[in-house]
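What follows is the residue order along each chain.
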Amino acid sequence: DAGVTQSPTHLIKTRGQQVTLRCSPKSGHDTVSWYQQALGQGPQFIFQYYEEEERQRGNFPDRFSGHQFPNYSSELNVNALLLGDSALYLCASSPEAGGAETQYFGPGTRLLVL
Amino acid sequence: AQSVTQLGSHVSVSEGALVLLRCNYSSSVPPYLFWYVQYPNQGLQLLLKYTSAATLVKGINGFEAEFKKSETSFHLTKPSAHMSDAAEYFCAVSGGFKTIFGAGTRLFVKA
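Rules used throughout
- Residues numbered from 1 in each chain as written.
- Chains lettered and ligands numbered in written order.
- Predicted model: local features only at pLDDT ≥ 70, side-chain atom pairs only at ≥ 80, totals over all residues.
- Heavy atoms only, no water.
- Core = buried A, V, L, I, M, F, W, Y, C linked by side-chain atoms within 4.5 Å.
- Buried < 20%, exposed > 50% of the residue type's maximum accessible area, 1.4 Å probe, protein only.
- Helix = DSSP H or I, 4+ residues; strand = E, 2+ residues; numbered from the N terminus.
- Contact = heavy atoms within 4.5 Å.
- Buried area = accessible area lost by both parts, 1.4 Å probe.
- Salt bridge = Lys/Arg side-chain N within 4 Å of Asp/Glu carboxyl O.
- Polar contact = N/O pair within 3.5 Å; in protein donor to acceptor, adjacent residues only side chain to side chain.
- Nonpolar A, V, L, I, M, F, W, Y, C, P; charged D, E, K, R; others polar.

Trainee: What am I meant to see in the nonpolar core here?
Mentor: Soluble globular proteins tend to bury their nonpolar side chains together. All names here are of chain B. Within the largest apolar cluster, 26 residues are counted, with the highest numbers of intra-cluster contacts made by Trp-35, Leu-48, Phe-74, Leu-76 and Tyr-89. Only strand E2 (10-14), strand E3 (19-26), strand E4 (32-38), strand E5 (44-50), strand E7 (64-68), strand E8 (73-78), strand E9 (87-94) and strand E11 (105-110) provide two or more residues apiece to this core. With sequence-adjacent residues up to four places away left out, Leu-76 is seen in contact with Val-19, Leu-20, Leu-21, Trp-35, Leu-47, Leu-48, Phe-63, Glu-64, Ala-65 and Tyr-89.

Dropping the structure here:
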């Protein structure tokens with residue numbers, strides 16, 4: 001059983017560009033959450049998708065947007081990249097959207113903005 | 001509103017010694033609490049979670065944590081540290097669809 005997969009593993013962009021990160025959830029999971037982990041910090045919640053809708057959002061600007069597909073996979077889009085967007089982006093999936101559910105994390109996409 | 005505070009960004013122990021990583025939380029609703037471990041260049045792996053059942057929670061790799069409502073704490077312990085325990089540990093709280101993580105504690109294990 002494949003766990004959570006993310007692509008690409010690494011990415012280098014320049015300021016002002018746009019980026020799309022992809023996530024495939026663990027088999028049987030329908031909920032996907034995205035986190036930003038800056039160097040030396042804990043993961044910060046960006047948003048959660050359930051039934052193709054954004055269920056809840058953290059304190060991130062509208063430059064951060066997402067999408068969930070019918071097969072439950074998800075994309076994170078970041079527009080107008082800033083240097084401060086450089087971070088490890090983690091995707092996590094769970095069997096449902098409730099807070100008690102264990103989230104399974106992918107290995108992350110490391111984004112460097114120059 | 002929810003928040004998590006991990007006391008000590010770095011903890012160093014000798015192999016075989018007790019591991020104690022501290023976590024205090026704040027939550028306006030009954031919380032769900034988690035401890036995750038992160039090895040270099042990897043995602044997070046769940047160690048254990050508290051979901052209002054037993055207050056003493058046992059997890060993987062010999063770790064356990066005790067939920068103390070009066071102290072709003074959820075400290076992680078392991079009786080005897082192993083070299084393979086060296087990693088970053090994150091405490092997290094969830095009261096709905098959003099999970100809030102602490103800043104993390106890096107555990108060093110000395111031979």
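We are not done yet, so read on.
Trainee: Could you clarify how one ought to interpret the interface of chain A and chain B in this entry?
Mentor: Chain A puts 25 residues into the contact, and the matching count from chain B is 20 residues. Summed over both partners, the interface of chain A with chain B buries about 1700 Å², with 53% contributed by carbon and sulfur atoms. The interface formed by chain A and chain B contains zero salt bridges. Taken together, the links from chain A to chain B amount to five residue pairs in polar contact (both at pLDDT 80 or more). When residues of the side of chain A that touches chain B are traced back to their parent elements, those giving at least two are strand E4 (31-37), strand E5 (44-50), strand E6 (53-57) and strand E9 (87-94) of chain A. No other element matches the three residues that E6(A) contributes to the side of chain A that touches chain B. Considered class by class, the residues forming the side of chain A that touches chain B number nine nonpolar, 12 polar and four charged.

Trainee: Could you clarify how one ought to interpret the pattern of salt bridges in this entry?
Mentor: A side chain of one charge can pair with a side chain of the opposite charge when the charged atoms of the two come close. Residues and elements named next belong to chain A. Summed over all chains, the structure comprises six salt bridges over all chains. For the salt bridge of Glu-75 with Arg-22, the shortest nitrogen-to-oxygen distance reads 3.4 Å. One end of the pair, Glu-75, is in strand E8 (residues 74-78); the other, Arg-22, is in strand E3 (residues 19-24), and 53 residues separate them in sequence. Residue Glu-75 is classed as buried on the basis of its relative accessible area of 18%. Residues Asp-85 and Arg-63 are paired through a salt bridge, measuring 2.9 Å at the closest nitrogen-oxygen approach. In this pair, Asp-85 sits in the loop between E8 and E9 while Arg-63 sits in the loop between E6 and strand E7 (64-68), placing the two residues 22 residues apart along the sequence.

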